[in-house]
Number of protein chains: 2
Amino acid sequence: MKVSRWCIIVLRIDHRPERDKRLTTHLGLTARAFGAQGFWITGLRDPNITKSLQQVCSQWGYRAFSVQYKESWRKCIQGWKNKDGEVVHLTMYGLHVDDIIPKIRSSSRDKLVVVGGPKVPSELFTLADYNVAIGHQPHSEVAALAIFLDRLYQGSSLRITPHDAELTIEPTPHGKRARERNT
Amino acid sequence: MKVSRWCIIVLRIDHRPERDKRLTTHLGLTARAFGAQGFWITGLRDPNITKSLQQVCSQWGYRAFSVQYKESWRKCIQGWKNKDGEVVHLTMYGLHVDDIIPKIRSSSRDKLVVVGGPKVPSELFTLADYNVAIGHQPHSEVAALAIFLDRLYQGSSLRITPHDAELTIEPTPHGKRARERNT
């Protein structure tokens, strides 16, 4: 599922099923809807998340969207770099997204977008090629991911309808209209 | 705390403390960071959310950011309309944000931005002045709110440093630097 010039994978580190279940699901959904091709998770395994994301892909399309559990975020990053990809870490401490995004966008290298929780290992800040701040205020990794991908694609990913969708929306000013494929 | 030409309040309907605790907190943080002046919540009361948001405001500024529990979302909407404000409901079934945002931005009316969960009452679709879709794929109310406010302010809210912040970030390419006020 490479709909863009890059392969983009979102890596969520240190998932804790009890605390993070819905946030991690929302991260995966945001990754999919905003144009990433896959979602990797480290931390404790949580089959409910894979299941929720696969259900969405089966109804709304992008079935090739890949959800994988990984043992080690360091190995993910090292492997990515060994294949000449670049690593973008989203953090309020980094450089402002609008100052750095033209450089990231102009590179043809595939991108691993890393989002963490409150306790991000300091090593990640040095391993990442770019530490990118979606503003310098605390908010949400879900908001940060959405804005980063939206800026990267200059808004275009929000216009795409997956070719393999069973259900699509008919936009309407007041109400709900969804259409099943072939109806 | 009116930093913009509008007063913008985000209304989260039907909060369920067990299930939504962190998502609702992230919504409140996103509302604050992206330029809303307050956050209203209906559903079950959850003092942890108010406490978390107030802690952030006390460290990072915008102390006038208002967090309030409300009994009825209908009354919130009716009250808002009675004061000539307009109501924007974020939903994947609405009109695409990029088709409708110029109209919303050009109006000087204050804005109540309503975000719900999966079971939004159908009445809300008719009561809202605008049903706005942040793309027509399922993702996250946190992502939707961030993109909506970012589009409304044309990216400018992510550049603001609150004047009453105790802590501010010094952006840096690799590492973490925060500065306390008067140091």
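It should be noted that the structure appears before, not after, this text.
Remember, predicted model here, so these are calculated numbers, not experimental data.

Explain the overall build of chain A here, please?
Within chain A one finds 6 helices and 8 strands. Here the C-alpha atoms of chain A give a radius of gyration of 16 Å, agreeing with the 16 Å that 2.2 N^0.38 yields for 183 residues. Taken over 183 residues, chain A has a buried fraction of 45%. When contacts within chain A are restricted to residue pairs at least 6 apart in sequence, long-range pairs at least 24 apart make up 79% of them.

Please clarify how the interface of chain A and chain B should be interpreted in this entry.
Across the boundary between the two partners, chain A contributes 41 residues, which contact 41 residues of chain B. Looking at the side of chain A that touches chain B element by element, the count peaks at 7 residues for helix α1 (residues 17-33) of chain A.

Can you help me understand the environment of Pro138 of chain A in this one?
Inspection of the secondary structure assignment puts Pro138 of chain A in the loop between β6 (130-133) and α6 (141-152). For the pair Pro138 of chain A and His96 of chain A, spaced 42 residues apart in sequence, the C-alpha to C-alpha distance is 13 Å. Ignoring sequence-local partners within four residues, the contact set of Pro138 of chain A consists of Met92 of chain A together with Leu29, Val56 and Trp60 of chain B.

Looking at this model, I keep getting lost on helix α3 (residues 73-82) of chain B. Mind explaining?
Residue pairs three or four apart in sequence face the same way in an α-helix, which turns once every 3.6 residues. All names here are of chain B. Restricting attention to buried positions, one finds in α3 the residues Trp73, Cys76, Ile77 and Trp80. Taken down its axis, α3 places every buried residue within 95 degrees of arc, on the same side. More than 90 degrees from the buried face of α3, the exposed residues found are Lys75, Gln78 and Asn82. In this fold, the buried residues of α3 make contact with β1 (8-15), β2 (38-43), β4 (86-96), β5 (111-115) and α5 (122-127). One or two steps after α3, the chain reaches Asp84, where phi turns positive at roughly 70 degrees.

Mind showing me how you'd approach the sheet that holds β2 of chain B here?
Two strands in a sheet stick together by hydrogen bonds in their backbones, pointing the same way (parallel) or opposite ways (antiparallel). All names here are of chain B. The sheet built from 6 strands is open, its strands ordered β3-β2-β1-β5-β4-β6 with parallel pairing. Only two strands of the sheet have a single partner each, and these edge strands are β3 (66-69) and β6 (130-133). Adjacent strand axes in the sheet meet at a mean angle of 30 degrees, parallel and antiparallel pairs treated alike. Packed on one face of the sheet, helix α1 (residues 17-33) meets β1, β2, β3 and β5 and runs near 175 degrees to β1. Relative to the sheet, helix α6 (residues 141-152) contacts β1, β4, β5 and β6, its axis offset from that of β5 by approximately 155 degrees.

It is not clear to me how the nonpolar core should be interpreted in this structure. Could you clarify?
Grouped burial of nonpolar side chains is what soluble globular proteins tend to show. Core analysis: the largest hydrophobic core is formed by 112 residues, its most contacted members being Val113, Leu145 and Phe148 of chain A together with Val113, Leu145 and Phe148 of chain B. Not counting chain neighbours up to four residues away, the residues in contact with Phe148 of chain B comprise Leu90, Val97, Val113, Val132 and Ile134 of chain B.

Looking at this structure, how should I read the relation of the copies chain A and chain B?
Of the two same-sequence chains, chain A is brought onto chain B (RMSD 0.0 Å, axial shift 0.0 Å) by a rotation of 180 degrees. What the superposition gives is, in effect, a two-fold axis relating one chain to the other. Scanning chain A for the C-alpha nearest the rotation axis identifies Ala143 of chain A, at a separation of 2.3 Å. Both copies present the same face, since 100% of the interface residues in chain A are matched by interface residues at the equivalent positions in chain B.

What am I meant to see in the pairing of β6 of chain A here?
The side chains of a regular strand alternate between the sheet's two faces. Residue and element names in this part refer to chain A. The alternating pattern of β6 places Tyr130 and Val132 on one face and Asn131 and Ala133 on the opposite face, and all of these are buried. Of the strand pairs in this sheet, strand β4 (residues 86-96) and β6 are connected by 5 bridges, and their pairing is parallel. Bridge pairing in β6 places Val88 opposite Tyr130.

It is not clear to me how unusual backbone geometry should be interpreted in this structure. Could you clarify?
Apart from glycine, the bulk of residues carry a negative phi angle, and the bulk of peptide bonds sit in the trans form. Of note, Gln154 of chain A is a non-glycine position whose phi angle comes to about 50 degrees, a positive value. Residue position: Gln154 of chain A is located in the loop between α6 and β7 (167-169). What makes Gln154 of chain A exposed here is the crowd of 9 C-beta atoms within 10 Å. Positive phi values are uncommon outside glycine, yet Asp14 of chain B reaches one of about 65 degrees. Looking at the element boundaries, Asp14 of chain B is found in strand β1. Residue classification places Asp14 of chain B among the partly exposed residues on the basis of 17 C-beta atoms within 10 Å.

Basis of the calculations
Residues numbered from 1 in each chain as written. Chains lettered and ligands numbered in written order. Predicted model: local features only at pLDDT ≥ 70, side-chain atom pairs only at ≥ 80, totals over all residues. Helix = DSSP H or I, 4+ residues; strand = E, 2+ residues; numbered from the N terminus. Rg over C-alpha atoms; globule rule 2.2 N^0.38 Å. Buried ≥ 20, exposed ≤ 12 C-beta atoms within 10 Å, placed from the backbone. Contact = placed C-beta atoms within 7 Å. Arc of directions from axis to C-beta. Pairing = 2+ DSSP bridges. Axes fitted to C-alpha atoms, helices over the stretch in contact; angles between N-to-C directions. Core = buried A, V, L, I, M, F, W, Y, C linked by C-beta atoms within 7 Å. Least-squares fit on C-alpha atoms with pLDDT ≥ 70 in both.

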